[in-house]
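Next come the chains, spelled out residue by residue.
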Amino acid sequence: MIKVKTFATPIKIFATMRELHDLDAQVETFLREEGADKVFSMSDATTVGENGETIGLVRSVAYRTPD
């Protein structure tokens, strides 16, 4: 079965690399727990604040699990 899951994380100045590593780990753990056997796509989009600054990240993953 093909499924899509979306993850979100806030982005704080000077902590971006740690936050990205944490998001990667969260996605990896989720896919393992779901038993995903194939990832079709993974994309990131930023969210912005009132002044156009990046304040968050949304990651969408399309994956397959065995039926």
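Residues numbered from 1 in each chain as written. Predicted model: local features only at pLDDT ≥ 70, side-chain atom pairs only at ≥ 80, totals over all residues. Heavy atoms only, no water.

Across its full length, the chain carries 1 helix and 3 strands. Along the chain, helices and strands appear, N-terminal first, in the series β-α-β-β. A buried classification covers 25% of the 67 residues belonging to the chain. Taking contacts inside the chain between residues at least 6 apart in sequence as the whole, the part at least 24 apart equals 60%. (Helix = DSSP H or I, 4+ residues; strand = E, 2+ residues; numbered from the N terminus. Buried < 20%, exposed > 50% of the residue type's maximum accessible area, 1.4 Å probe, protein only. Contact = heavy atoms within 4.5 Å.)

Below, the discussion takes up the environment of Gly56. Mapping Gly56 onto the fold places it in strand β3 (residues 54–64). With 25 residues separating them along the chain, Gly56 and Leu31 place their C-alpha atoms 22 Å apart. Excluding its chain neighbours within four sequence positions, the residues that come into contact with Gly56 are Thr9, Pro10, Ile11, Ala45, Thr46 and Thr47.

The next subject is helix α1 (residues 16–34). Each α-helix winds once per 3.6 residues, and so residues spaced three or four apart point in a common direction. In a regular helix each residue adds 1.5 Å, so 19 residues correspond to 27 Å; α1 covers 27 Å between its end C-alpha atoms and thus fits that length. Burial in α1 covers these residues: Glu19, Leu23, Val27, Phe30 and Leu31. When α1 is viewed along its axis, its buried side chains cluster within an angular range of 105 degrees and face the same direction. Facing away from the buried side of α1 by more than 90 degrees, the exposed set consists of Met17, His21, Arg32 and Glu33. Next to the buried residues of α1 lie β1 (2–10), β2 (38–48) and β3. Just beyond α1, the residue with positive phi is Gly35, at close to 75 degrees. (Expected span 1.5 Å × (residues − 1). Arc of directions from axis to C-beta.)

A few words now on the sheet that holds β3. Here we have 3 strands laid out as an open sheet, ordered β1-β3-β2, and antiparallel in their pairing. Every interior strand has two partners, whereas the edge strands, β1 and β2, have only one. Mean inter-strand twist for the sheet, computed between neighbouring axes without regard to direction, equals 15 degrees. Pairing between β1 and β3: 9 bridges, direction antiparallel. Bridging across to β3, Lys5 finds its partner in Val61. Lying over the sheet, α1 contacts β1, β2 and β3, oriented at roughly 25 degrees with respect to β3. (Pairing = 2+ DSSP bridges. Axes fitted to C-alpha atoms, helices over the stretch in contact; angles between N-to-C directions.)

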